[in-house]
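Working through the structure, step by step
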Amino acid sequence: MTITHIAVVIPARNEGHLIERCLASVIAAAKALPTSASIVVVDDGSTDGTAHRAKAAFAGFPSIVLSIAGANVGAARRAGVDHVLSENHNVAPADLWLAFTDADTHVPPTWLTCHLEHANRGADGVAGIVELDTADPSLLARFQTTYLAGPPATTHRHVHGANLGIRASAYREIGGFERLKCGEDRDLWSRLIARSYGLVSDPQLVVTTSARLRSRTRGGFATDLSALLRPA
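Predicted model only: the values in this text are computed from it and were never measured.

Attention now goes to helix α3 (residues 73-87). In this model, α3 (15 residues) spans 21 Å end to end at C-alpha, consistent with the 21 Å of a helix rising 1.5 Å per residue. The set of residues buried in α3 consists of Gly74, Ala75, Ala76, Arg77, Arg78, Gly80, Val81, His83 and Val84. Taking the backbone nitrogen of Gly74 as reference, a side-chain oxygen 3.1 Å away marks Asn72 as the first, capping residue of α3.

The eight strands lie next to each other as β3-β2-β1-β4-β7-β6-β8-β5, forming an open sheet whose pairing is mixed. Each edge of the open sheet carries a strand with a single partner, namely β3 (63-68) and β5 (105-106). With three bridges joining them, strand β6 (residues 125-133) and strand β7 (residues 164-167) adopt antiparallel strand pairing. Bridging across to β7, Gly125 finds its partner in Ile166. Strands in contact with helix α2 (residues 50-58) are β1 (5-12), β2 (36-44) and β3; relative to β3, the strand with the most contacts, it is inclined by about 170°.

Below, the discussion takes up the side chain of Thr35. Secondary-structure assignment places Thr35 in the loop between α1 (19-31) and β2. Looking at Thr35, the relative accessible area reads 17%, which means it is buried. Of the polar contacts made by the side chain of Thr35, one reaches the backbone oxygen of Thr4; its length is 2.4 Å. Sequence-distant contacts of Thr35, that is, excluding residues within four places in its chain, are made with Ile3, Thr4, His5, Ile6 and Leu116.

A few words on the pattern of salt bridges. Here the structure, examined in full by the defined rule, presents six salt bridges. Among the salt bridges present, the one from Asp124 reaches Arg167, with a minimum N-O distance of 3.3 Å. In this pair, Asp124 sits in the loop between α4 (111-120) and β6 while Arg167 sits in strand β7, placing the two residues 43 residues apart along the sequence. A single network of salt bridges, built from pairs that share partners, joins Arg77, Asp102 and Glu184.

Parameters at a glance
- Residue positions are given per chain, counted from 1 along the sequence in the order it is written.
- In keeping with the predicted nature of the model, local features appear solely for residues at pLDDT of at least 70, side-chain atom pairs appear and are counted solely at 80 or more, and the whole-chain, interface and lining totals rest on all residues.
- Computation of side-chain values: all heavy atoms of the structure, hydrogens and water removed.
- Counting from the N terminus, the helices are the DSSP runs of H or I reaching at least four residues and the strands are the DSSP runs of E reaching at least two.
- An expected span of 1.5 Å times one less than the residue number is assigned to each helix.
- Between buried and exposed lies partly exposed: a residue is buried under 20% and exposed over 50% of the maximum accessible area for its type, with that area taken using a 1.4 Å probe on protein chains only.
- Definition of a polar contact: a pair of N or O atoms within 3.5 Å, with one able to donate and the other able to accept a hydrogen when the atoms are protein atoms, and with sequence-neighbouring residues admitted only if both atoms are side-chain atoms.
- A strand pair is defined by DSSP finding two or more bridges across the two strands.
- By definition, residues are in contact when any of their heavy atoms lie within 4.5 Å.
- Only the stretch in contact is used when a helix axis is fitted, and all axes are lines through C-alpha atoms; the angle between N-to-C directions ranges over 0 to 180 degrees.
- Put simply, a salt bridge is a Lys or Arg side-chain nitrogen that is within 4 Å of an Asp or Glu carboxyl oxygen.

What follows is the structure, encoded as C-alpha cells:
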C-alpha cells in the first residue's frame, strides 16, 4: 500500500482574501513530495471572487475549481473527493491519499510529506492539530491552556477538517463525508474508529488557521474560539 498520488481537497466560501495564501502553501508542500499531487478547490457559492483568485493562484499546478451552492462544508468536501476519485479511477484506492485543509488555513512545507510518511507506514487516517493566526494574547493564552492540555506529546484528541487525511479505500468503505454543515470531520473520524481502521493523531503535524470569532455555522471552530473569551 504505497501511495502513488495525493489529492488535496479545499472547501471555500467567500475566502478571497485568504485563498491565495492557502494555495501557495499547499502547492509548496505538494512540490516537496516524491509522488504526484493535485488540488481541488470547491467553491461553495462564493460572491467575493474566491474562484477567480484560486484559479490565478494555481500557476499551472494540477488543480481545478469546482462550484456548488449548498453552503454546506460536508457536501463541499464530498464533491471534491467525488471529483478526485473520478479523475484517478486508474489508481488503486489503497494507493490514493486524500488530504484536507481549509481556505482560511496555511500549511507548512512538510505538511504533505508527513501525511505521506504516515500513510506509507500503514495509516488509514491522519489527524493533525492547529495553531491560531492571531496576535491576540488573551485568545492565544486561553487556546494554549485548553487546546493542548491533557494528552501526551505522542498523540492528541482533536479532529479538524483543516488538517486531515484518509486513504481513499477507507473513505469509500465508510461512505465518505456526510452532508453536514459542521462536524463532518469528527463524524468521519468516528466512523473510522468504529471500523477499527489504523489511525494516527500526530501532534507534530500542525497547520495555521484563522482565529475568526464569528462563526459562519453554529457549532463550528469559530464558535469554540468565541467561547474561550466568555467570562467564566
